[in-house]
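# Structural characterization, general
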Amino acid sequence: MKTTISNDVLSAAVAAVRSQRPLVHNITNYVVMNNSANALLAIGASPVMAHWEDEMEEMTAIAGALVINIGTLDSGWLSGMKAAGMAASRRGTPIVLDPVGAGATSQRTAAVVELIELCRPTIIRGNGSEIMTVASAWSKHLGSSEQDDKEAAKSKGVDSSASSDDAVQAAIRLAQQTGAVVVISGATDYITDGKVVHTVEGGDEIMTAVTGMGCTATALTGAFAAVCKDPMTAAVAAMAVMSSAGEKAAAQARGSGSMQMHFLDELYNLTEL
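Please read these numbers as outputs of a predicted model, since none were measured by experiment. (Residues numbered from 1 in each chain as written. Predicted model: local features only at pLDDT ≥ 70, side-chain atom pairs only at ≥ 80, totals over all residues. Heavy atoms only, no water.)

### Brief notes about the overall build of the protein chain
A count of helical and extended segments in the protein chain gives 10 helices and nine strands. By the compact-globule yardstick of 19 Å for 273 residues, the protein chain fits well, its C-alpha radius of gyration being 17 Å. Sorting the 273 residues of the protein chain into buried and exposed places 57% on the buried side. Long-range pairs, those at least 24 residues apart, make up 72% of the contacts in the protein chain with a sequence separation of at least 6. Here the protein chain displays about 11,100 Å² of accessible surface, and carbon together with sulfur accounts for 49% of that area. The centroid of the 18 positive side-chain charges in the protein chain is displaced by 1 Å from the centroid of its 28 negative side-chain charges. (Helix = DSSP H or I, 4+ residues; strand = E, 2+ residues; numbered from the N terminus. Rg over C-alpha atoms; globule rule 2.2 N^0.38 Å. Buried < 20%, exposed > 50% of the residue type's maximum accessible area, 1.4 Å probe, protein only. Contact = heavy atoms within 4.5 Å. Areas by Shrake-Rupley, 256 points an atom, 1.4 Å probe, with all protein chains shown as cover. Lys, Arg positive; Asp, Glu negative; His and termini not counted. Charge placed at Lys NZ, Arg CZ, Asp CG, Glu CD.)

### Some points on the environment of Ser36
In this structure, Ser36 sits in helix H2 (residues 33–43). Exposure remark for Ser36: the relative accessible area of 1% places this residue in the buried category. Separated by 181 residues in sequence, Ser36 and Ala217 have C-alpha atoms that sit 8.5 Å apart. Among all residues touching Ser36, those that are not within four sequence positions of it are Met49, Cys215, Thr216 and Ala219.

### A closer look at the pattern of salt bridges
For the structure on display, the rule yields four salt bridges. Close ionic contact of Glu57 with Arg90 constitutes a salt bridge, the shortest N to O distance being 2.8 Å. Placement of the pair is Glu57 in helix H3 (residues 56–62) and Arg90 in helix H4 (residues 75–91), with a sequence separation of 33 residues. A relative accessible area of 38% means that Glu57 is categorised as partly exposed. Here Arg90 falls in the exposed class, since its relative accessible area comes to 57%. Salt-bridge contacts for Asp98 lead to Arg125; the nearest nitrogen and oxygen are separated by 3.0 Å. Note that Asp98 is positioned in strand S5 (residues 95–98) and Arg125 in strand S6 (residues 123–127), a separation of 27 residues in sequence. Among the residues examined, Asp98 registers a relative accessible area of 0% and is labelled buried. Looking at Arg125, the relative accessible area reads 4%, which means it is buried. (Salt bridge = Lys/Arg side-chain N within 4 Å of Asp/Glu carboxyl O.)

### What to know about the layout of surface pockets
Size it by volume and the largest pocket reaches roughly 1,000 Å³. For the lining of the largest pocket, the secondary-structure elements that each account for two or more residues are S6, helix H6 (128–141), strand S8 (188–192), helix H8 (213–227) and helix H9 (231–250). Here the lining of the largest pocket takes four residues from H8, the largest share from any one element. Among the residues making up the lining of the largest pocket, the classes are represented as 14 nonpolar, 18 polar and eight charged. (1 Å grid on protein atoms, 1.4 Å probe; cavity = no way out; pocket = protein on both sides within 12 Å on 5 of 7 lines; lining within 4 Å. Points joined across faces, edges and corners; volume = space filled by probe spheres on them. Nonpolar A, V, L, I, M, F, W, Y, C, P; charged D, E, K, R; others polar.)

### Remarks on the pairing of S6
Within S6, five of the five residues are buried, leaving the element largely enclosed by the surrounding structure. Here S6 shows a buried face lined by Ile123, Arg125 and Asn127 and a second buried face lined by Ile124 and Gly126. As defined by bridge partners, S5 adjoins S6 across two bridges and the pair is classed as parallel. Bridging across to S6, Leu97 finds its partner in Ile124. (Pairing = 2+ DSSP bridges.)

### What about the sheet that holds S6?
Here nine strands make up an open sheet; going across it, the order is S1-S9-S8-S7-S6-S5-S4-S2-S3 and the pairing mixed. Each edge of the sheet is formed by a strand with only one pairing partner; in this case those strands are strand S1 (2–3) and strand S3 (46–49). Where strand S2 (residues 23–27) meets S3, four bridges bridge the pair, whose relative direction is parallel. Note that in S3 the partner of Asn26 across the bridge is Met49. H4 contacts S2, strand S4 (65–69) and S5 of the sheet and is inclined by roughly 150° relative to S4. Across the sheet, helix H7 (residues 168–178) touches S6, strand S7 (181–185), S8 and strand S9 (197–201), and the angle it forms with S7 is around 155°. (Axes fitted to C-alpha atoms, helices over the stretch in contact; angles between N-to-C directions.)

### Some words on the packing of aromatic side chains
Under the counting rule described, the total for this entry stands at one aromatic pair. Consider the rings of Tyr30 and Trp77, whose centres lie 5.1 Å apart with planes at 55°: the pair is tilted. In this pair, Tyr30 is assigned in the loop between S2 and H2 and Trp77 in helix H4, connecting sequence segments 47 residues apart. We classify Tyr30 as exposed; its relative accessible area is 57%. (Phe/Tyr/Trp six-rings, centres within 6.5 Å; stacked < 30°, edge-to-face > 60°.)

So yeah, pure geometry; function would need other evidence.
Here is the structure:
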């Protein structure tokens, strides 16, 4: 695992999560709820999975961070996401948005634009195709005419058809236009605030064969955002933890099933980077 922020800073972030045990409110998809909750527990955070619109105001009031993941989207969940996002925004609670499958359908892309406009997320994390699509859609929403439609990479369902390298310029522009820190997951992870670009290298290719690894990265980002004053540090720490645990787990795994088990074990036993 290699990163452009010092290991001392990142290890301090891990220690802060373990000591503060932040409550991370997740509005996430059915596929990954168990994975995300277990990953948060393993790193030392406290997860809650709640999407009922009527309880969003109270739930958001006690959370250290809000994670919004649109993987299994419907109109009811979208209403809950908007309610939670606006409540968190009013309180200054960090919001992490995962635009799962943006670009696969027009409805998903429109939902992400609406969530950004209403909630102003602190961090946006996605794969290359998702970030390129969101950057293009947000530019169009702002009335910008300088972006080429070809930049909006088509998603293969929730999988990326573009590498993280392809999406760096789109991520920089999206960060500049939204004020969010933007994270691109891939063989190399890129994290930018529109001015500085940090990288995290490592992990293992077998991670792509385990469902919900990207969503796990988003959930962990919420844990670090809850304890780190700087969103860039939070985002880099989350991706570094994913990379380090992924590398160590892959060295022991016999396949994707044991990879998932070993990954959680490595998160649980991780104390420094």
